[in-house]
Amino acid sequence: MKKKIVFATNNKHKLEEISQIVGDHFEILSLKDIQCEDEIPETADTFEGNALQKAAYIHEKYGMDCFADDSGLEVEALNNAPGVFSARYSGGGSEKNMDKLLDELKDKSSRRAQFRTVIALILEDEVSYFEGIVKGEILESRHGSEGFGYDPLFRPDGYSETFAEMDSAQKNKISHRGKATQLLIQYLNSRI
Ligand code: ITT
């Protein structure tokens, strides 16, 4: 029988991606599948804290195995901002977030940055974390129209294109989220 695990996200894209690669032994349930329409709190000041907060909420309320993720952009010259505030950096969506980032970096000599994802898993009452990082540079202007968030400004090390100039398969192979997800899947498969 397949083991059921809830992925505590409302992001359909994330859910489909992981369901495709998780293999036959696990069934990934969405919040919708368990009829959870709650606004799950995400008030911690670290990715680890937010990911655990979301997974623990579901585990406590529904008694189910569960995982959740949190990610964002960490910029070296800005003391790792916007970090957990990546989605709400400017208060006005992705375009304004990118404008603000370009403005903040105007006079800085370093444009080094990384995307980081942390997944928190609660499986049989045990908590595990999986982290994925991709390092790169913030460019001075936008390139490409794929992806979301800060993708048009982020060029991963070793590539000449930004994330927004890559197709999703290519991005998933090297992205923070892709790496953390692979580690989660390896772990789940080791627990069969
Ligand atoms: P949830 O509902 O699952 O929380 P979300 O859109 O808030 O989805 P994340 O927590 O993974 O997604 O990411 C928070 C923000 O960090 C996101 O809104 C973007 O601004 C930025 N971000 C994260 N991953 C990114 C990526 O792969 N490319 C560009 N921006 C990203």
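A brief look at the structure comes next.

What counts, and at which threshold
Residues numbered from 1 in each chain as written. Predicted model: local features only at pLDDT ≥ 70, side-chain atom pairs only at ≥ 80, totals over all residues. Heavy atoms only, no water. Helix = DSSP H or I, 4+ residues; strand = E, 2+ residues; numbered from the N terminus. Contact = heavy atoms within 4.5 Å. Areas by Shrake-Rupley, 256 points an atom, 1.4 Å probe, with all protein chains shown as cover. Lys, Arg positive; Asp, Glu negative; His and termini not counted. Charge placed at Lys NZ, Arg CZ, Asp CG, Glu CD. Near = heavy atom within 4 Å. Polar contact = N/O pair within 3.5 Å; in protein donor to acceptor, adjacent residues only side chain to side chain. 1 Å grid on protein atoms, 1.4 Å probe; cavity = no way out; pocket = protein on both sides within 12 Å on 5 of 7 lines; lining within 4 Å. Sits in = over half its atoms within 2 Å of the grid points. Nonpolar A, V, L, I, M, F, W, Y, C, P; charged D, E, K, R; others polar. Core = buried A, V, L, I, M, F, W, Y, C linked by side-chain atoms within 4.5 Å. Buried < 20%, exposed > 50% of the residue type's maximum accessible area, 1.4 Å probe, protein only.

## As for the overall build of the protein chain
Inference 1: Within the protein chain one finds five helices and seven strands.
Inference 2: In the protein chain, the order of α-helices and β-strands from amino to carboxyl end is β-α-β-α-β-β-α-β-β-β-α-α.
Inference 3: Once the C-alpha set of the protein chain is aligned to its principal axes, its extents read approximately 55 × 30 × 25 Å.
Inference 4: A fraction of 55% describes how many contacts in the protein chain between residues 6 or more apart in sequence connect residues 24 or more apart.
Inference 5: Within the structure as shown, the protein chain displays about 10200 Å² of accessible surface, and the carbon and sulfur contribution to it stands at 46%.
Inference 6: If the 24 positive side-chain charges of the protein chain are averaged to one point and the 34 negative ones to another, these points end up 2 Å apart.

## Observations concerning the site of the ligand
Inference 1: Contacts to the ligand come from 16 residues, most closely from Lys14, Ser71, Asp151, Lys171 and Arg177.
Inference 2: One of the side-chain N or O atoms of threonine 9 is found 3.0 Å from an oxygen atom in the ligand.
Inference 3: Taking lysine 171, its side chain carries an N or O atom lying 2.7 Å from an oxygen atom of the ligand.
Inference 4: With respect to the detected pockets, the ligand is housed in the largest pocket.
Inference 5: Breaking the shell around the ligand down by element, the ones donating at least two residues are β3 (66-75) and α5 (176-190).
Inference 6: When residues of the shell around the ligand are assigned to their parent elements, the largest contribution, three residues, is made by β3.
Inference 7: Of the residues that constitute the shell around the ligand, the class distribution is four nonpolar, six polar and six charged.

## Here's the deal with the nonpolar core
Inference 1: Counting residues in hydrophobic clusters, the biggest one holds 18 residues, and the most contacted among them are Leu73, Leu101, Ile138 and Phe154.
Inference 2: Elements that contribute at least two residues to this core include exactly β3, α3 (93-104), β5 (112-123) and β6 (126-138).
Inference 3: Counting residues per element, this core draws most heavily on α3, which supplies three residues.
Inference 4: Ignoring anything within four residues of it in the chain, the contact list for isoleucine 138 reads Leu73, Leu101, Leu105, Arg111, Ala113, Leu153 and Phe154.
Inference 5: Membership of the second largest hydrophobic core comes to 16 residues, among which are Ile5, Phe67, Phe130 and Leu184.

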